[in-house]
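Residues per chain are reported as follows:
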Amino acid sequence: MRERFPGISAFLAQHSLDLARDLIPVRPAAHYLMGGIRTDLAGRTSLSGLYAAGEVACTGVHGANRLASNSLLEGLVFGARAAQSMLDDGLPLAPADAPESALGPLTAEEEAHWKR
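Parameters and conventions
- Counting restarts for each chain: residues are numbered from 1 in the order of the written sequence.
- Restriction of local features to residues with pLDDT of at least 70 applies here, the model being predicted, together with a cutoff of 80 or more for giving and counting side-chain atom pairs; totals for whole chains, interfaces and linings are based on all residues.
- Water and hydrogen atoms play no part in the side-chain values, which are based on all heavy atoms of the structure.
- One side-chain nitrogen of Lys or Arg within 4 Å of one carboxyl oxygen of Asp or Glu is enough to make a salt bridge.
- A run of DSSP states H or I qualifies as a helix once it reaches four residues; a run of E qualifies as a strand once it reaches two. Both are numbered from the N-terminal end.
- Note on contacts: a residue pair is in contact if any heavy atoms of the two residues lie within 4.5 Å.
- Ring pairs shown here join Phe, Tyr and Trp side chains whose ring centres sit within 6.5 Å, with only the six-membered ring taken for Trp; geometry is labelled stacked below 30 degrees between planes, edge-to-face above 60, and tilted in between.
- Any Lys NZ or Arg CZ found within 6 Å of a ring centre and within 35 degrees of that ring's normal is scored as a charge over the ring.

Colleague: Describe in detail the pattern of salt bridges, supporting the description with residues and values.
Modeller: Applying the stated rule across the entire model yields five salt bridges. One salt bridge connects aspartate 18 with arginine 2, and the closest N-O pair in it is separated by 3.0 Å. Note that aspartate 18 is positioned in the loop between α1 (6-13) and β1 (37-38) and arginine 2 in the segment before α1, a separation of 16 residues in sequence. When salt bridges with common partners are traced through the structure, they connect Arg2, Asp18, Arg21 and Asp22 into a single cluster.

Colleague: For the side chain of serine 9, give the residues involved together with the corresponding values.
Modeller: Mapped onto the elements, serine 9 comes out in helix α1. Contact partners of serine 9, with chain neighbours within four places excluded, come to Met1, Arg2 and Leu19.

Colleague: Please give an account of the packing of aromatic side chains that cites residues and values.
Modeller: The full count for this structure, using the stated rule, is zero aromatic pairs. Of note, arginine 81 hangs over the ring of phenylalanine 78, and the distance from its end group to the ring centre comes to 5.2 Å.

Structural data, given as structure tokens:
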């Protein structure tokens, strides 16, 4: 186990735990919590013209938590459903404002930071 998972083994050893022998305490992490925007199964929210999909959406499909593979699948499926809902709802389409001008070149301090 130590050879296969050296990082986890080293971390656990700092806390007097052995990956091959001890139970590992597990706590919820923010990544696994569902998004807070409640939607229907088509990505619609309670506000007309507002749609949500993927990490921000709370569809109820996966219960109280979402694993990485579910998250990817949910983003693909519900992203497509939300896009179809937008088209089906026939809301007027308007072009987005032009993006603000591109950022200027990096300062000397920023350059030094990224070259580290």
